Amino acid sequence: PNGDGINDLYFIKASGLKEVNATIYDRWGHVVYELKNEKGRIEWDGKNQYGKDCAEGTYFFVIKATGEDGTAYDEKGTITLVR
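Residues numbered from 1 in each chain as written. Predicted model: local features only at pLDDT ≥ 70, side-chain atom pairs only at ≥ 80, totals over all residues. Heavy atoms only, no water.

Quick word on the pattern of salt bridges
Opposite charge on two side chains permits them to pair, given that their charged atoms come into close proximity. Just so we agree on the cut-off: Here a salt bridge means any side-chain nitrogen of Lys or Arg lying within 4 Å of a carboxyl oxygen belonging to Asp or Glu. The rule is simple: take the accessible area with a 1.4 Å probe, protein chains only, and divide by the maximum for that residue type; under 20% is buried, over 50% is exposed, in between is partly exposed.
What the rule picks out here adds up to three salt bridges. Asp53 is the partner of Lys47 in a salt bridge, and the nearest nitrogen-oxygen pair spans 2.8 Å. Classification of Lys47 as partly exposed rests on a relative accessible area of 28%. Residues joined in a network through salt bridges with shared partners are Lys47, Asp53 and Arg83.

Here it is as C-alpha cells:
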C-alpha cells in the first residue's frame, strides 16, 4: 500500500456468512491485526492495530468464519506486503 489506489487493500468479500474472524501474524507469530465482522467483508491496509505501517515482508493470516447455515470455515495463507 502506497496510496496510489492500486492494491492498497487486501480484502475479502463474502456472502452467506454470519461471523468472520481474521488474524494477521508477522513471521515471528506476533499478532499484527485482528478483525471481527458479521457481514463477511475483511480489509487490511498494511497497518497494525495502532495505525502504524507494517514493514514489507510476508505475513500469515488465519480466517475463521461461520456460515448462515452453521458451517464452519477455517482458512490459512500468506500475504506479501510490498510498499
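Here we look at the sheet that holds strand β5 (residues 57-67)
Rules: One bridge is not enough; two strands pair if DSSP finds at least two bridges between them. Numbering goes from the N terminus for both helices and strands, where a helix is a DSSP run of H or I of at least four residues and a strand is a run of E of at least two. In this analysis, axes come from line fits to C-alpha atoms, helices being fitted only over the stretch in contact, and the angle between any two N-to-C directions falls in the range 0 to 180 degrees.
Spatial ordering of the open sheet is given by β3-β2-β5-β6, a layout of four strands whose pairing is antiparallel. The open sheet is flanked by β3 (31-37) and β6 (72-81), the only strands paired with a single partner. Taken over all neighbouring pairs, the strand axes of this sheet differ in orientation by 15° on average, direction set aside. The pairing of β5 with β6 spans ten bridges and is classified as antiparallel. Bridging from a neighbouring strand, Ile63 pairs with Glu75 of β6.

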